[in-house]
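Each chain is listed here by its residues.
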Amino acid sequence: MNLRAPLAVEVDALARLFGRGPVAVLTGAGISTESGIPDYRGPETRRRARNPIQYREFVKSPLARRRYWARSMLGFPRIRRARPNLGHDALVRLEQAGLLTGLVTQNVDGLHTEAGSGDLVELHGALREAVCLACGATTPRDALQVALEAQNPDLVASTFELAPDGDADLSDERIAQFQPVDCTCGGPLKPNVVFFGENVPRPRVEHAMAMVERGASLLVVGSSLAVYSGLRFVHAAHKRGVPVAILTIGETRGDAHAMLRVEAAAGETLTRLASLLLGDAAASTHSDTTGQG
Ligand SMILES: [Zn+2]
């Protein structure tokens, strides 16, 4: 993957967006790859991506749920160990300086929350909790993980391969042996994330849309905008005549509406952007200097 450093001219161009007023930010999987979380839609893994689980199948098929939770039990520790990177941290600094209207993320890894972003909409939910499909009660994923591993010691001890999306590749036999953990009411558990074929709850969309509508511009970081739940914010900004900048590796479905495209490492680019805007405010209005000294 091309993780080149940004050019000074690119950082300057991004900084000029902030000169128009507070910026709305939308992030996707690309911001978390530098934390070691694979981006299954990224250029490197696109060809290997498998069919994602569908909401309807998960709800109606005990076998689909068993397959999900078996693979997820083995893949979760890697996600849980991931820590926010420079990009997450830079967005916190920009927010704390009052330069953002808010942050909308398509990621379910919880890293923006962990980094300390306050005004945040996790559009697709978060893996940190599970929800019961029968009674609606939520369970922290860390507690569920302990219960899952206690029920399935042989599977935990087995060897397996991690797929590009971070879940484990498992044979049908191993999945058949897996013992799921249910809610205390006996109902089946689902990770509290939005699956394919499932709608983002309307109040959540409206909250995110309000952040984008308050923005003098929209900055997309690390998303190919492959799904409409993210792309709609680019369409909304474009419709209002608000500039859209996209910082991500590879083509996106929003490119036609972008006035600025930067294909560079998100962590380093956002860090330099924050330094330019916060560390040396005088330099940001004179783009031919980098404000040394
Ligand atoms: Zn329940």
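Structure first, text after, so check above.
Here the structure is a predicted model, which means the values were calculated and not measured.

Conventions used here
- Residues numbered from 1 in each chain as written.
- Predicted model: local features only at pLDDT ≥ 70, side-chain atom pairs only at ≥ 80, totals over all residues.
- Heavy atoms only, no water.
- Helix = DSSP H or I, 4+ residues; strand = E, 2+ residues; numbered from the N terminus.
- Polar contact = N/O pair within 3.5 Å; in protein donor to acceptor, adjacent residues only side chain to side chain.
- Contact = heavy atoms within 4.5 Å.
- Donors = N, O, S within 2.8 Å, 3.2 Å for Na, K, Ca; no water.
- Tetrahedral: all angles 85-135°; square planar, octahedral: opposite > 155°, others 65-115°.
- Buried < 20%, exposed > 50% of the residue type's maximum accessible area, 1.4 Å probe, protein only.
- Pairing = 2+ DSSP bridges.
- Axes fitted to C-alpha atoms, helices over the stretch in contact; angles between N-to-C directions.
- Core = buried A, V, L, I, M, F, W, Y, C linked by side-chain atoms within 4.5 Å.
- Phe/Tyr/Trp six-rings, centres within 6.5 Å; stacked < 30°, edge-to-face > 60°.
- Lys NZ or Arg CZ within 6 Å of the ring centre and 35° of its normal.
- Parallel < 35°, antiparallel > 145°, perpendicular 65-115°, else oblique.
- Left-handed = near helix turned anticlockwise from the far one by under 90°.
- Nonpolar A, V, L, I, M, F, W, Y, C, P; charged D, E, K, R; others polar.

Visitor: Which parts of the structure should I look at to understand the side chain of Lys190?
Guide: Residue position: Lys190 is located in strand E8 (residues 189-193). A polar side-chain atom of Lys190 sits 3.3 Å from a polar atom in the side chain of Glu198. Excluding residues that lie within four positions of it along the chain, Lys190 makes contacts with Tyr55, Phe58, Trp69, Ala130, Val131, Leu133, Phe195 and Glu198.

Visitor: Looking at this structure, I do not really get the coordination of the zinc ion. What am I missing?
Guide: When a metal carries six donors in an octahedron, the ideal angles between them are 90 or 180 degrees, while four donors in a tetrahedron ideally lie at 109.5 degrees. For the zinc ion, the full set of protein donor atoms is Cys132 (SG), Cys135 (SG), Cys183 (SG) and Cys185 (SG), at a range of 2.3 to 2.4 Å. Of note is the zinc ion, whose four donor atoms meet at the metal with angles of 103 to 116° in an arrangement that counts as tetrahedral. Between the donor residues of the zinc ion, the gaps in sequence give the motif C-x2-C-x47-C-x1-C. Given the relative accessible area of 45%, Cys185 is considered partly exposed.

Visitor: How should the sheet that holds strand E4 (residues 125-132) be read in this particular structure?
Guide: Each strand in a sheet pairs with its neighbour through backbone hydrogen bonds, running either in the same direction (parallel) or in the opposite one (antiparallel). Across the sheet, three strands lie side by side as E5-E4-E8; this open sheet has antiparallel pairing. Looking at strand neighbours, the two that pair on one side only are strand E5 (138-140) and E8, the edges of this open sheet. Averaged over all pairs of adjacent strands, the angle between strand axes in this sheet comes to 40°, irrespective of strand direction. Helix-sheet contacts for helix H3 (residues 62-81) involve E4 and E8, and the interaxial angle to E8 is about 50°.

Visitor: Looking at this model, I keep getting lost on the nonpolar core. Mind explaining?
Guide: One broad trend across soluble globular proteins is that nonpolar side chains are buried collectively. Grouped together as the largest cluster of nonpolar side chains are 28 residues, with contacts concentrated most on Phe18, Val25, Leu94, Leu219, Val221, Leu270 and Leu273. Mapped by element, the contributors of at least two residues to this core are helix H1 (8-18), strand E1 (23-27), helix H4 (86-96), strand E2 (100-105), strand E9 (217-221), strand E10 (244-247), strand E11 (260-262) and helix H11 (266-279). Other than its neighbours up to four places away in sequence, Leu273 contacts Val11, Leu14, Ala15, Phe18 and Leu94. Grouped together as the second largest cluster of nonpolar side chains are 26 residues, Ile37, Ala168, Cys183 and Leu189 included.

Visitor: Which parts of the structure should I look at to understand the packing of aromatic side chains?
Guide: Each aromatic ring pair is characterised by the separation of its centres together with the angle its planes make. This structure, assessed with the given rule, holds four aromatic pairs. Ring centres of Phe58 and Tyr68 lie 5.7 Å apart, and the angle between their planes is 85°; this geometry places the pair in the edge-to-face category. Highlighted residues: Phe58 in helix H2 (residues 55-60) and Tyr68 in helix H3, separated in sequence by 10 residues. A centroid spacing of 5.1 Å and a plane angle of 85° characterise the contact between Tyr68 and Trp69, whose relative ring orientation is edge-to-face. By relative accessible area, Tyr68 is classed as buried at 9%. Accessibility expressed as a relative area gives 5% for Trp69, which makes it buried. An aromatic cluster of at least three residues, connected via ring pairs, comprises Phe58, Tyr68, Trp69 and Phe195. Sitting over the face of the ring of Phe76, Arg141 holds its NZ or CZ atom 4.0 Å from the ring centroid. One Lys or Arg, Lys190, reaches over the ring of Phe195 and ends 4.8 Å from the middle of that ring.

Visitor: So what exactly am I meant to see when it comes to H4 here?
Guide: Along an α-helix, residues three or four apart share an orientation, since each turn contains 3.6 residues. All of the buried residues in H4 are Gly87, His88, Ala90, Leu91, Val92 and Leu94. In this structure, the buried residues of H4 make contact with H1, E1, E2, helix H5 (111-115) and H11. Measuring from the backbone nitrogen of Gly87 back to the side-chain oxygen at the start of H4 gives 2.7 Å, which picks out Asn85 as the cap. In the segment just after H4, Gly98 is the residue with positive phi, at about 80°.

Visitor: How should the packing of H1 against H11 be read in this particular structure?
Guide: Two quantities define a packed helix pair, namely the angle between the axes and the distance from one axis to the other. Taken N-terminus to C-terminus, the directions of H1 and H11 make an angle of 60°; their axes are 9 Å apart at the nearest point. In terms of orientation, H1 lies oblique with respect to H11. For the pair H1 and H11, the crossing hand works out as right-handed. Contact with H1, carried on its side by Ala8, Val11, Asp12, Leu14, Ala15 and Phe18, involves Thr269, Arg272, Leu273, Leu276 and Leu277 of H11 and no other residues of that element. Broken down by class, the residue content of the contact of H1 with H11 amounts to eight nonpolar, one polar and two charged.

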